[in-house]
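# Remarks on the overall topology
Okay, here's what each chain looks like letter by letter:
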Amino acid sequence: MQAHGTMPVAWIHRPVGRWVAMARYFELVRHDGNRPLFSALEISIISLLAGLPLHVHVEGLRGTGKTTIMRGAKDILPHIERIKGCAYNCDPAAPHCPVHRNMTREEIARTGTEWVKMPFLEISHSAKIGTVVGSIDLGRLVDPSMPEAALLPGILPRANRGIVFVDEINRLADTSPELTDVLLDVMGTKPGRLQVEEVGFAAFEMPITLSVWGASNPDEEPGPLEDVRRQLSDRFDFLVTMGRPGEVDVVREILEIGVPARWGKGMHDGVAVCEGAVGQADPALHYADLLASRSRDLPGVKFPSTLVSLLAQAYVDFGLESLRAIEAMKLGALARATLEGRKEATVEDVKAIASLALRHRVDISTLTNILKFLDEKAANAREERETKVLAGGVAKEPTAPAEHGGSRGEGIERKGGSRSLSEAVGRLVCALRRSLIGKSDTRGAGCPAGPGDYGTAGGWGAPQGDGTLQQRGIRSGPGQGGSR
Ligand SMILES: [Zn+2]
């Protein structure tokens, strides 16, 4: 089978069939202007599966296809395992909803589990708060001190462990401040929190893990989200700016719809890259499986201490305001490496994520300088690798064990960093990790013993727990593997 170490280039151009009622993900033509969006969404799905959602906002002019791509991504959403029939998509290993959270393992086993497609729900800017958050069913209310037991879950609780899409999010921020506040809570931490308030009852809150995907046209009323509600803009880990296709050939291809002969060829090129997907009818389904299995690897992907230092230095030197920026860069780089089937994030990953994570947070000249800074670091890293390869002919790869899962603390001081710098960076990262992982890190809130460990964030998948993180990527659930 073909190797799949990098993203399948063969998927880039795919004509759209006129006869297709709704655009399918793999039929959308990819070009330089929209490729970052495809990439950001796939990274977001991988990260969400591992329990740490990345929120994506895409800005672009009308007709550039941003909402089409976001809605099209429904095709490649993997399945998740939940407690049978749970409207909140309770993870069997870590039930959180009012119905299941106090159940024992045995009770959950008796209730059973099922595999369902990862939810994808939309919030319109005219939505009412009760529809989005939920409302109390007075007819079902038994104990007024426990109103959550009678909650009719709204869009957000039902989208738990999935995606919520908000088109024209700048308008929502303008016309619905209360819905915006709800999103701020949901997106504020990982996992987020959802507070339900109903007149006459005590407010209650529940944890919620979902990725918010938003789209907006900054040229239309009320203007860019950043100007409408800066706080909400900052909650988005990534901002993707949609570009127009710049090449005549690409535009021709977009126009050349309904050309089945070319489509068939394209499909096979793409499918060959998916694990075990050769000859399969639905590449989207198989790509969903690929994402699921890759996300299982995410907790083990290493983020080298040199990259940690790099992010810390960028944060300090360029006066970045929001720590979320470098958190998003770290998480995004890890997810990108995972998506490409690698075990370690590189400076190239950080570079690729930098624009997405910084565009809405710094001005253009700062962004340019940061990218230049990362370019230099990437060049240095390449040089060092080459030197290492040359030196490797003499000494037998002395650094290899430390790079790949060496014992705790090994390989920290590789590149001339002093112990004190390393420790300072460690402290910063410790704070980062805590804010990134949130309060629910049940596997010890303490920081690792050495900065060499920081790359393999111990809090991965904390909202769902260890067990399901393994299961989630396995495509053997009855609802998934069984149906094929
Ligand atoms: Zn439940």
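Residue indices follow the written sequence of each chain, beginning from 1 at its first position. Side-chain atom pairs in this predicted model are given and counted only at pLDDT of 80 or more, local residue features only at pLDDT of at least 70, and totals for whole chains, interfaces and linings cover all residues. Note: side-chain values were computed over all heavy atoms of the structure, leaving out hydrogens and water.

## Focus on the overall build of the protein
Selection criterion: A run of H or I in DSSP counts as a helix once it spans at least four residues, and a run of E counts as a strand once it spans at least two, with each numbered from the N terminus. For the exposure calls, accessible area comes from a 1.4 Å probe over protein chains only, and a residue counts as buried if that area is under 20% of its type's maximum, exposed if over 50%, partly exposed in between. We call two residues in contact whenever any of their non-hydrogen atoms come within 4.5 Å of each other. In this description, accessible areas are obtained by the Shrake-Rupley approach with a 1.4 Å probe, and a residue is regarded as covered only by the protein chains that are shown.
Summing up its helical and strand segments, the protein has 19 helices and 11 strands in all. Taking all 484 residues of the protein together, the buried fraction comes to 51%. Contacts spanning at least 24 positions in sequence make up 74% of the contacts within the protein whose residues lie at least 6 apart. Accessible area for the protein stands at about 21300 Å²; split by element, carbon and sulfur atoms hold 54% of it.

## Things to note about the coordination of the zinc ion
Rule in force here: Each metal site is built from N, O and S donor atoms within 2.8 Å (3.2 Å for Na, K and Ca), and since water is not included, such sites may look incomplete. All geometry calls rest on donor angles, where a four-donor set with angles between 85 and 135 degrees is tetrahedral, four- and six-donor sets with opposite donors more than 155 degrees apart and all others between 65 and 115 are square planar and octahedral, and all else is irregular.
Every protein donor of the zinc ion is accounted for by Cys86 (SG), Cys90 (SG), Cys97 (SG) and His100 (ND1), and the metal-donor separations fall at 2.1 to 2.4 Å. For the zinc ion, the 4 donor atoms in the first shell make angles of 98 to 123 degrees at the metal, a pattern classed as tetrahedral. You can call cysteine 86 buried: its relative accessible area is 3%.

## Quick notes on unusual backbone geometry
Omega for the bond connecting lysine 190 with proline 191 falls within 30 degrees of zero, at 0 degrees, which places this linkage in the cis form. For the peptide bond that leads from glutamate 221 to proline 222, omega is 0 degrees, which places it in the cis range. Among the secondary structure elements, proline 222 is positioned in the loop between β10 (211-216) and α8 (225-228). If you check the backbone angles, arginine 161 has positive phi at about 70 degrees while not being a glycine. With a phi close to 50 degrees, glutamate 168 is a non-glycine residue in the positive phi region. Tracing the chain through its elements places glutamate 168 in the loop between β7 (163-167) and α6 (169-175).

## So, the sheet that holds strand β1 (residues 56-59)
Selection criterion: DSSP bridges decide pairing: two strands pair if at least two such bridges lie between them. Here an axis means a line fitted to C-alpha atoms, over the contact stretch when the element is a helix, while the angle between two N-to-C directions is reported on a 0 to 180 degree scale.
Pairing in this open sheet of 5 strands is parallel, and the strands run β4-β7-β10-β1-β11 from one edge to the other. The sheet is open, and its two edges are formed by β4 (120-123) and β11 (238-241), each paired on a single side. Strand-to-strand twist of the sheet, defined as the mean angle between neighbouring strand axes without regard to direction, takes the value 20 degrees.

## Some words on the pattern of salt bridges
Quick reminder of the rule: Any carboxyl oxygen of Asp or Glu within 4 Å of a side-chain nitrogen of Lys or Arg constitutes a salt bridge here.
Inspection of every chain in the model, using the stated rule, returns 22 salt bridges. Salt-bridge contacts for arginine 82 lead to glutamate 114; the nearest nitrogen and oxygen are separated by 2.8 Å. Highlighted residues: arginine 82 in strand β2 (residues 79-83) and glutamate 114 in strand β3 (residues 113-117), separated in sequence by 32 residues. When its relative accessible area of 17% is taken as the criterion, arginine 82 is described as buried. Judged by its relative accessible area of 19%, glutamate 114 is buried. Here arginine 342 ties to aspartate 349 by a salt bridge, and the two come within 2.8 Å at their closest N and O atoms. On the accessibility criterion, aspartate 349 (0% relative accessible area) is buried. What emerges from the salt-bridge pattern is a single network uniting Arg336, Glu340, Arg342 and Asp349.

## Thoughts on the nonpolar core
Heads up, the condition is: Working definition of a nonpolar core: buried Ala, Val, Leu, Ile, Met, Phe, Trp, Tyr and Cys residues. They are joined through side-chain atoms within 4.5 Å. The domain limits used here are those given by an automatic or database domain assignment.
By size, the foremost hydrophobic cluster in this structure holds 72 residues, and its most contacted members are Trp213, Phe238 and Met329. Ranked by the residues each element gives to this core, the list is headed by helix α14 (residues 323-339), at 10 residues. Of the residues that make up this core, three or more belong to each of domain 1 (61-69 + 79-239) and domain 2 (300-397 + 421-473). If you look at the next biggest cluster of nonpolar residues, it comprises 37 residues, including Ile136, Ile155, Leu172 and Leu232.

## Section: the packing of aromatic side chains
Condition: Two aromatic rings, drawn from Phe, Tyr or Trp (for Trp, its six-membered ring), form a pair once their centres lie within 6.5 Å of each other, and the interplanar angle then sorts them: stacked below 30 degrees, edge-to-face above 60, tilted otherwise.
Going through the model one piece at a time under the given rule, you end up with 6 aromatic pairs. Relative to tyrosine 287, the ring of phenylalanine 26 lies with its centre 5.6 Å away and its plane at 80 degrees, an arrangement referred to as edge-to-face. Placement of phenylalanine 26 in the segment before α1 (35-49) and of tyrosine 287 in helix α12 (residues 283-297) is noted, with a sequence separation of 261 residues between them. We note that phenylalanine 26, like tyrosine 287, is buried. Seen from their ring centres, phenylalanine 120 and phenylalanine 165 are 6.2 Å apart, and the 35 degrees between their planes marks the pair as tilted. One end of the pair, phenylalanine 120, is in strand β4; the other, phenylalanine 165, is in strand β7, and 45 residues separate them in sequence. For the pair shown, phenylalanine 120 and phenylalanine 165 are each scored as buried.

## Concerning the packing of helix α13 (residues 305-317) against helix α16 (residues 364-392)
Heads up, the condition is: Roughly parallel covers angles under 35 degrees, roughly antiparallel covers those over 145, roughly perpendicular covers 65 to 115, and oblique covers all other angles. Two helices that cross are described as forming a left-handed crossing if the nearer one is turned anticlockwise from the farther one by less than a right angle, and a right-handed crossing if clockwise. Asp, Glu, Lys and Arg are counted as charged, while Ala, Val, Leu, Ile, Met, Phe, Trp, Tyr, Cys and Pro are counted as nonpolar; the rest, among them Gly, fall into the polar class.
For the pair α13 and α16, the least separation of the axes is 11 Å and the interaxial angle reads 155 degrees. Classified by the angle their axes make, α13 and α16 are roughly antiparallel. At the point where α13 passes α16, the crossing takes the right-handed sense. Here Leu310, Gln313 and Ala314 of α13 come into contact with α16, specifically with Phe373, Leu374 and Lys377. The residue inventory of the contact of α13 with α16, partitioned by class, reads 4 nonpolar, 1 polar and 1 charged.

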